[in-house]
Each structure stands twice: as C-alpha cells, then as structure tokens.
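Structure at a glance
For reference, the chains in residue letters:
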Amino acid sequence: MTMTGQTSNWLIRVSAAGLIAMTAIIGWQVFGRFVLGSSPSWTEQASLVLMIWYVFLAAAAGVHEGFHIRIELLETMSSPRNARRVRIAIQMFVAAFGLVLLVFGSQLVWLVRDHVIPSLGISRGLAYLPLPISGLLMAVFALAQAKADRPPAAAEDR
Amino acid sequence: MEILVLFVVLFLLLALGVPVGFSLLGASLALFALIDIPMVVAIQRMASGISVFTLMAIPFFIFAGDLMYRSGIADRLVRVADAAFGKVQGGLGPVNVGASMMFGAVSGSAIASASAIGSTMVPLMKEKGYPADYAVNVTVTAAIVGLLIPPSHNMIIYSAASGMGVSIGDLFLAGIMPGLLTGLMLMTTAWLVARRRNLPRGIFPGWRAFMRAALYAVPGLMTAVIIMGGILSGIFTPTESSAIAVIYTALVGTFVYRSLGWRGFGEAAAKSVRTASMVLFIIAAATAFGFALALLEVPAQLAALIGFMTDNPILTLLIINLMLLALGTFMDMAPLIVICTPIFLPVAIGAGVDPVHFGIILMLNLGIGLVTPPVGSVLFVGSAVGKVAIPALVRTIWPFYCTLLAALVLITYVPWLSLALLGAF
Amino acid sequence: ADTHPTDYPTVQAVDYLGQLLAERTGGRLGAKVYAGGQLGNERDTLEITTFGGLDLNRVNAAPLNSIEPLTIPICLPFVFGSVDHMRRTLDGDVGEEILASLTRHGLIGLCYYDSGARSFYNSRGPIQSPEDMKGLKLRVPGSDLYIGMVRALGADPVPMPLDEVYQSLAQGVIDGAENNWPSLESGRHYEAAPFYSLTEHLFTPEVLVMSKISWDKLSPEDKQVMRRSAKDSVPYMRNLWDAREASSREVILAAGVEVNTVDPAPFTELMTGMWDEFLTTPQQHDLVERILAQRES
Ligand code: NA
Ligand code: NA
C-alpha cells in the first residue's frame, strides 16, 4: 500500500476511536446525572473538542478515499481525455483549499492561543489545531491523487 | 454584485465537480477576499460551526443506524413486515416501506435507513423476482419517511439552525403523523405500481410465524421506546438520546442477538466516522458560507423579494417550497438546512406558519432532494446497494416522486397534521 | 453583532450609537447591526472581532473571562449589591481599568450596558436561604463561574444550552435555572418554574467592544467621536433597559408567579471560598476590594 493510503487508514482508525470515546463521554454524562446525582462539568466541552478533531482528520482521509460528495455530471459527459483534465483541476482546487486551511488555520490557532476553553482549562488553540493539520493532509492527498489520476469520488457504500 | 460573486463562484466550483464542502468554502473565501474580511474568520466559522452540542447527534445516529444493520435489527424488522404484508401482490414493496418506517422510528438518519433496509430488502426482493429498479426506488423513497418519524438528526440540525429555540421534543412529536401519512401513501403507491407491473405475490406464513417474527424484533423496536420515552420523560436530552441509542444497540447486538463482535463494532465506527465527517465537513463549510450570506444580508433581501411577490400566506409557502425543491435537486439536506433556515424561517413566520410546522415542511421538502439527481445522497446509497445506475432508477421513480410531492402539499397546507400531537404531552 | 433580537435594548442602543456617529461625522462613520445571533454565538463573534472580521460587537462580560482574567471580578456572584452599585462602579475608574485591559487582546472596550440582575427560579418552592437550595438541579450556562457558584450554594449545577431549558423544566430534567426578568419572560420558563426568588446574585454587565484592527484605522478625531458616542449611548440604553425590565416584571407577576425577596447576606458568606478560586492575581483582588468599597454603607 502507498504511504498516503497507510496514512489515510490510520486517520480513519484514530477518528473511529474518537467517535467511540465521544459515545462513552456522553454515556458517562447521563450516568453521572442520574446514577451519581452530580453532573460532570467537563463532558460537553471535551466531546465538542473531540468531535472537531475526528471530523477534520476523517475529512482529510476523505480526500484520499474520495468519499466527499460532489456533482460528477461534467466528468461523465466529457471525453476520457477531458475527464482526466477535469479530475486534475478538481484535485488542484482541493489542494488549494487545503493550503488555505493550513495557513489560516495556523494563524487561527496562534491568535487564540491564550484564550481558555471553559471547564477544561486548556487553550482554545487546541480545539482549532486539527484544521491546519487536516488542511496539510488534504493538500498532500489531493496532489497525490492528481498525480496518480484516481477518480476523486466513488459514490458507493456510504 | 457581491452576492453575484458568491453564487457564481459556488456554481462554477460545484459544476466542475469540486466536492460540495470545498465549493462552499471556496465561494466564502472569494467573497471574504472581495469585501476585505480576514480569511482566518472563514476558518474560525468552519471550526465553530460544528462545535455545537446538538450536532453530535449526527455521528451518533449514523453510528447507531450502522450498528442496527450489523447486529441484525434491520433484518428482524424486515421479517415482521414480510409476515404482515408479504402475501399481497407485489407485497414486498409495501413490506419495504413498512420496514423503513419501523427502522426510521429507531434510527435518526435517512442515509443509515437506506443503507440498512436497502442492504437487507433489495437482495431479498431481487431473489423473489422483483426488478432491481423497483426495489431501489421503494427503498430510497421510503427512507425519506424516517426523516419525519422521530428521532431525526436533521430535525436537530434545524433546531440548532433556527437560533430561536424551536424545541427538539416538539419537532419529534410533530413529525409522527406526517411520517405515518407519507408512509401509508408510499405503501399504496408501491402496491399500485406492483400491480401495474404484475410483480409476484408471497404467501402469508400464518399468525404463529408472524408473532414469532414480532417477538424477535421487540429488543430492536425497544430502541424507539427508549429514545422517545427518554426524551419525553426528561431522562435525557435529544442529543444524549442519540448516544444512548448507540450504547443500547451495541448491547442488544452483542448480548441479545449475539451477532456483533468487537470487529463489527470497530468496522461500524470506521464506516460511520466517514459518513459523519463528510456531512459535518459540509456543515462546517456551510457555516462559513452562512456567515457570508448574513453579512450580505441575503436573508433579508430574499424575504423582501418574496414579500414583494406576494403577501398571501398560501402563495408564500408555495414559493418557499418551490425554491427549496429547486435547491434540493443539487445540494444535500444538512447544509441546506443550515443555510436556508435563517433565510426562510422568518418569512414563514411572517406568513403565520408555526416554526415547528415549518420544520416538518422543511424535512420533507429537503428529504425529496435526497432522492433527486444530480446530488442526492440517499439515491446514491440506493444505487450502490442495488447496483443500479442512477438514470435507470430515475426512469421509473416518478410515481414515487408524485406521491412525495402530494404528501408535501398535504403537510404544508394542513398544519393540524404536524401540530395536533403537540398539546397531547 | 448582537445575539439578541432586534427589539432588545442592547441592539437598539447600538443602532442609536450608529445614528450618533453618522450625525457627528457627517455620515463618515455609522453602524450596521446584525442582530439575533446570525453571525454566531458570543464567543465566536468575539474571536472574529479580535481578527478584524467585525468592527463592533456587543457581548456579555462572561465570555471575556476566558480571554482576560481582569474581567472576572465584575462577573463574581454577589459582588454587586444593587443596580446602582453596579452602574456607579462601572462608570468609575474600576470600569475604565477593566475596559483598558482588553486592548492587549485586540479589543477596544468602549462602554458597558446593563443586563439587570439574575435571580433563581424553580418549580419546587420559594428560596429564602441557602438551605432551600439543597438538592435542587439547576441549569447553568457552561461556565466555570456559574458551576462553582451553584455548587457553593449547595445545589447541583447542570450545564445546558439555553434552548433546551424550557422542555427540561417542563419534564423535570432540571428543577430550575436563573436569569434576569426579561429573559425569564421571553423564554416563558416561568410557566414551568413559577417560583422566582430575587437572590440578585449576578449583575454581569454587557460590554461593547471594537476591533483594535478597525480602531487603528480611525483618525484621532474619529476615535474621540467613537468613545464619546459610545458613552452617550449608555444612558439611552439604561432607560430602555429599565422600561423593558418593568414590562417583563408586569407580565410575570400577572401570570401568577410567586416572587419573593431574599436577604443576600447568608448567600454572600458562602461565596468567599469560591471567589478565591477564581481570583488568582493581586490585581484581581485589588479590583474586588475597590468594588466592595463602593457599596452603600
Ligand atoms: Na427517524
Ligand atoms: Na437532490
């Protein structure tokens, strides 16, 4: 398997673990309120931060796997040669937007570094950190896809 | 001028085939560059757009839906419906609708419903001599019913997008009767189409077999009791209920039906996180886009435009419905809820529509968009599980479209259907 | 940006500020208000303001706590004794010092608006003393300060978004919550929680901030006009607020809600430990002492 493929698989595994952890946290919140009689105060913010992380990591893997939903009309109507050009253009746009996420996501993390997330006491920047990371991965994945010319989306098995 | 840039960039990117989330982001970035707003704001809107407690219901309900399929709950619901309706001509059509309604009552996601019931029903129908296009058409349109029958993660998105505290519990109650009505109408259509196309009939297995099938389905159907009961009795909030649905389904699949192991659990999580991240990435980008819309005061301008065209509430609702249907053909439901609610809800309220009732109209209207090309995620799922190309599906789907449109008209102009149950609890 | 609907006093005050600016600068400056939270919640719009994406922003002081610790003292429970005490303090040097502390975070603090007094309401019975609060499940916004306060008073804090409160009250997930008169009225929470006990525990004000990036683009004269107009919008806002509060009070009393006054002394006593938890610097302690010194004797 290619290096990008391995990275993408690994991202999905980490994200799936994030989803399972979020289930456990909210389960614990209900349990805490009804069985222990006191509401844990950290659960809401912790699961929100977790969700931003795993959504953006899995969304990056989605650029490699091509699961992001899109309109394929132009590509299917074009000749094979032009379809290839269309696919490359799409991947270039995705790579460009990935770089925007990287650059301005980094700026975002930096600007809010001394804001505090209530009830967790950690920097707000940690909640935004997955955006630049995801942007970088998206750009790399999109460029690799353009080079290998794999179709960017296969609408199956969602 | 600025509005033009925003929409032209969006349409060009979408038409080229750039994924929807990236197209929304690109259009917002173009606008921000034009009116000199720092790019970092767009990125912040994306992150905080999904940093919303109620949106957690999306991954949870998608996860629960996939677990229900893997643990055999979908399969058992199909058997109950088969025992009940299988003997009429083309009976597997109405069976499919019935199974989708039951599955809709336990799962919060139309995509999960289409893939779970579709994976079970479509092979079964093909085996019994039904054409694949019919099987898929019934599956995908019946999955829309699950949007109306509670729970429904799209109602949760609507409640969050309304920004005015439309109660999720009220929305859930309001969806019940419209959901049942739409389901019954689809069943009738499925039966009529089956008669016209002379599709096979099954045999009634007898009351004993029916009771047996029903008994096996009880632990699965209990999910509905736990979710609705838990919300209505105040044990947990709607968002929490979606997490409880995951935990309950995992427990039932592991200890009652004994068909779900660690492997299946992990695979379900991996599959759900893909779907959920696809949906939430679009919602994130739609939030940046929505910020651009709000800055340009598009909602107010559109409201003024509709107000200029008519001040008749019936016509206003018709115009809103037509606009939403048009948008729904080429965009998916979740981002449309996020973008359209702030635009159309104030107009609808101005025309005297209850915000809860409007939510139900929105669900069915945008739900129809899920099964229309060129962009319809439920249609895509159906095409994938049934292995039928989209053009072949669309050729024979029109009786079902007509049924859904008729249901939309009824639900739009008979508010009682949505609001009658609200006083009951 | 403002999260409140268009007829809310804070929104009208900023509209008024916009008119003042337009008059005084011959239309060079003005304000376009995006009300109803359409641009995002307060934390989000605050961040956007520091980035220069919005020029002006009206927020509650509480979300500023996670940006600037010096805003904590005016958000402490039972630190103010009355509306007059709060207004006097904020109009004086304490208020100015706190506004000035925002500059290093990219925000220019312009003025304070009122948010009235917050008190507890619940479905069980009137609260006279802290003993009446034992075991009550009370909704709080997801903020450490509120959670700490409710715990210190002996009740169980349940962090919950505002839009889930009505249903949670009606179905008994929670026993009560706390808010000011207008919010209690507009949310119709009193229908499910008919006991309103005037603990007046929080007077947390609203703050009008400007983006430092936008501020630096103004000429010195315009900066002057900006500051003066903001200050001039305060009395206008306070009159609107008082009228709004009075009309809400009328509606709530007419609905048959049982309202009782409360002696704050036994509540205030329970706060010392909690205050110390949130006051970590000598500068914060100094502000609190100066606030308390301005109480009526
Ligand atoms: Na449902
Ligand atoms: Na569509």
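Named according to an unreviewed UniProt entry, chain B is TRAP transporter large permease protein originating from Allopontixanthobacter sediminis. What UniProt states about chain B under its Function (unreviewed entry) heading is, verbatim, "Part of the tripartite ATP-independent periplasmic (TRAP) transport system." Quoted straight from UniProt, the Sequence similarities (unreviewed entry) entry for chain B says "Belongs to the TRAP transporter large permease family."

1. What to know about the overall build of chain B
The helix and strand tally for chain B stands at 21 helices and zero strands. Against the 2.2 N^0.38 benchmark of 22 Å for 425 residues, chain B shows a C-alpha radius of gyration of 21 Å, consistent with a compact globule. Based on the C-alpha atoms only, the size of chain B along its principal axes is roughly 70 × 45 × 45 Å. Burial status across chain B gives 65% buried among its 425 residues. Excluding contacts between residues fewer than 6 apart, the proportion of contacts in chain B whose partners are at least 24 apart in sequence is 80%. Side-chain charges in chain B split into 19 positive and 14 negative, and the spacing between the mean points of these groups amounts to 21 Å.

2. Re the packing of aromatic side chains
Enumeration according to the criterion identifies 17 aromatic pairs over all chains in this entry. Between Phe22 of chain B and Phe281 of chain B, the aromatic rings sit 4.9 Å apart at their centres with planes inclined by 50°, giving tilted as the arrangement. One end of the pair, Phe22 of chain B, is in helix H2 (residues 20-34); the other, Phe281 of chain B, is in helix H13 (residues 262-295), with 259 residues separating them in the sequence. Of the two residues, Phe22 of chain B and Phe281 of chain B, neither departs from the other in class, the shared state being buried. One aromatic cluster is present, built from ring pairs that chain together Phe56 of chain A together with Phe22 and Phe281 of chain B. In this arrangement the basic side chain of Arg113 of chain A is found over the ring face of Trp110 of chain A, its NZ or CZ atom lying 3.8 Å from the centre. Geometry around Tyr257 of chain B places Arg76 of chain B over its ring, the cationic atom sitting 3.9 Å from the centre.

3. Some details on the layout of surface pockets
Residues and elements named next belong to chain C. Its boundaries defined by the atoms lining it, the second largest pocket holds a volume of some 870 Å³. Lining the second largest pocket we find 35 residues, and of these Tyr34, Gly53, Leu54, Asp55 and Leu56 sit closest to its centre. Elements supplying a minimum of two residues to the lining of the second largest pocket: helix H1 (9-24), strand E1 (56-60), strand E8 (206-211) and helix H8 (212-215). Broken down by element, the lining of the second largest pocket gets its largest block of residues, three residues, from E1. Taken together, the residues that form the lining of the second largest pocket break down as 20 nonpolar, six polar and nine charged.

4. Considerations on the interface of chain C and chain B
Contact with chain C, which involves 18 residues of that partner, is made by 22 residues of chain B. For the pair chain C and chain B, the summed buried surface comes to about 1800 Å²; carbon and sulfur atoms form 56% of the total. When the buried area of chain C at its contact with chain B is split by residue, Phe51, Glu164 and Gln167 of chain C rank highest and sum to 26% of it. One can count one salt bridge joining chain C with chain B. For the salt bridge of Asp44 of chain C with Arg45 of chain B, the shortest nitrogen-to-oxygen distance reads 3.2 Å. Joining chain C to chain B, the criterion identifies five residue pairs in polar contact (both at pLDDT 80 or more). Residue contributions to the side of chain C that touches chain B peak at five residues, all from helix H2 (residues 42-51) of chain C. Split into classes, the residues belonging to the side of chain C that touches chain B amount to six nonpolar, six polar and six charged.

5. Some words on helix H1 (residues 3-36) of chain A
The end-to-end C-alpha separation of H1 of chain A is 47 Å, in line with the 50 Å expected for 34 residues at 1.5 Å each. Of the residues flanking the end of H1 of chain A, it is Gly37 of chain A, one or two places downstream, whose phi is positive at about 75°.

6. With respect to the pattern of salt bridges
All names here are of chain C. Under the counting rule described, the total for this entry stands at 31 salt bridges over all chains. Linking Arg124 and Asp175 is a salt bridge whose minimum nitrogen-to-oxygen distance equals 3.1 Å. Of the two residues, Arg124 is situated in the loop between strand E3 (118-122) and strand E4 (137-140) and Asp175 in the loop between helix H6 (165-171) and strand E6 (176-179); the sequence distance between them amounts to 51 residues. You can call Arg124 exposed: its relative accessible area is 58%. For Arg188, the salt bridge identified is with Glu191, shortest N-O distance 3.2 Å. With a relative accessible area of 42%, Arg188 lands in the partly exposed category. Among the residues examined, Glu191 registers a relative accessible area of 43% and is labelled partly exposed.

7. A short note on the interface of chain B and chain A
The extent of an interface is frequently quoted as the accessible surface area lost upon association of the parts. Every contact between the two is made by 60 residues of chain B and, on the other side, 51 residues of chain A. Viewed at the interface, chain A and chain B are joined by two salt bridges. With a shortest N-O distance of 2.6 Å, Arg274 of chain B and Glu65 of chain A are connected by a salt bridge. Where chain B touches chain A, the interface holds four residue pairs in polar contact (both at pLDDT 80 or more). Broken down by secondary-structure element, the contributors of at least two residues to the side of chain B that touches chain A are helix H1 (2-16), H2, helix H3 (39-49), helix H4 (57-70), helix H7 (110-127), helix H12 (238-256), H13 and helix H18 (377-386) of chain B. The element contributing the most residues to the side of chain B that touches chain A is H13 of chain B, with 14 residues. Tallied by class, residues from the side of chain B that touches chain A come to 45 nonpolar, eleven polar and four charged.

8. Points about the packing of H7 of chain B against H18 of chain B
Residues and elements named next belong to chain B. Taken N-terminus to C-terminus, the directions of H7 and H18 make an angle of 30°; their axes are 9 Å apart at the nearest point. In terms of their interaxial angle, H7 and H18 are classed as roughly parallel. Of the two possible hands of crossing, H7 and H18 adopt the one that is right-handed. In this structure, H7 uses Ala110, Ile111, Ala114, Ser115, Gly118, Ser119, Val122 and Lys126 to contact H18, whose residues at the interface are Ser377, Val378, Val381, Val385 and Gly386. Looking at the contact of H7 with H18, its residues break down into seven nonpolar, five polar and one charged.

9. Topic: the state of the cysteines
Applying the stated criterion to the full structure yields zero disulfides over all chains. Free of any disulfide, Cys75 of chain C has its nearest cysteine sulfur in Cys111 of chain C, 16 Å distant.

10. Observations concerning the environment of Pro118 of chain A
Considering the arrangement of structural elements, one finds Pro118 of chain A in the loop between helix H4 (80-111) and helix H5 (125-128). Put simply, Pro118 of chain A and Gln45 of chain A are 73 residues apart on the chain and 7.7 Å apart in space, counted from C-alpha to C-alpha. With residues near it in sequence (within four places) discarded, Pro118 of chain A still touches Gln45 and Arg124 of chain A together with Gly142 and Asp144 of chain C.

11. Brief notes about a nonpolar patch on the surface
All names here are of chain B. A contiguous nonpolar patch, built from Ile314, Leu315, Leu318, Leu322, Val409, Leu410, Tyr413, Val414 and Trp416 and spanning about 810 Å² of accessible area, is present on the exposed surface. Of all the secondary-structure elements, those providing two or more residues to the nonpolar patch are helix H15 (313-330) and helix H20 (398-413). The greatest single-element share of the nonpolar patch, amounting to four residues, is contributed by H15. Here Trp416 lies in helix H21 (residues 415-419).

12. Observations regarding the confidence of the model for chain B
For chain B, the average pLDDT comes to 86, and 99% of its residues sit at 70 or higher. Looking across chain B, the model is least confident in helix H14 (residues 298-309) of chain B, with a mean pLDDT of 79, and most confident in H20 of chain B, with 96.

13. Describing the nonpolar core
In terms of nonpolar packing, the biggest core is built from 215 residues, with Leu24, Met46, Tyr134 and Ile283 of chain B touching the most fellow members. Per-element accounting of this core gives the leading share, 22 residues, to H13 of chain B. Setting aside anything within four residues of it in sequence, one finds Ile283 of chain B in contact with Gly49, Ile50, Leu55, Ile58, Ile157, Ala334 and Val338 of chain B. Judged by nonpolar contacts, the second largest core, of 49 residues, contains Leu76, Val207, Val209 and Val288 of chain C.

Criteria and cut-off values
Residues numbered from 1 in each chain as written. Chains lettered and ligands numbered in written order. Predicted model: local features only at pLDDT ≥ 70, side-chain atom pairs only at ≥ 80, totals over all residues. Heavy atoms only, no water. UniProt positions renumbered as here; feature names shortened; annotations may be inferred. Helix = DSSP H or I, 4+ residues; strand = E, 2+ residues; numbered from the N terminus. Rg over C-alpha atoms; globule rule 2.2 N^0.38 Å. Buried < 20%, exposed > 50% of the residue type's maximum accessible area, 1.4 Å probe, protein only. Contact = heavy atoms within 4.5 Å. Lys, Arg positive; Asp, Glu negative; His and termini not counted. Charge placed at Lys NZ, Arg CZ, Asp CG, Glu CD. Phe/Tyr/Trp six-rings, centres within 6.5 Å; stacked < 30°, edge-to-face > 60°. Lys NZ or Arg CZ within 6 Å of the ring centre and 35° of its normal. 1 Å grid on protein atoms, 1.4 Å probe; cavity = no way out; pocket = protein on both sides within 12 Å on 5 of 7 lines; lining within 4 Å. Points joined across faces, edges and corners; volume = space filled by probe spheres on them. Nonpolar A, V, L, I, M, F, W, Y, C, P; charged D, E, K, R; others polar. Buried area = accessible area lost by both parts, 1.4 Å probe. Salt bridge = Lys/Arg side-chain N within 4 Å of Asp/Glu carboxyl O. Polar contact = N/O pair within 3.5 Å; in protein donor to acceptor, adjacent residues only side chain to side chain. Expected span 1.5 Å × (residues − 1). Axes fitted to C-alpha atoms, helices over the stretch in contact; angles between N-to-C directions. Parallel < 35°, antiparallel > 145°, perpendicular 65-115°, else oblique. Left-handed = near helix turned anticlockwise from the far one by under 90°. Disulfide = S-S within 2.5 Å. Patch = residues over 30% accessible without salt bridge, like charges linked within 9 Å, V, L, I, M, F, W, Y side chains within 5 Å. Areas by Shrake-Rupley, 256 points an atom, 1.4 Å probe, with all protein chains shown as cover. pLDDT = per-residue confidence, 0-100. Core = buried A, V, L, I, M, F, W, Y, C linked by side-chain atoms within 4.5 Å.

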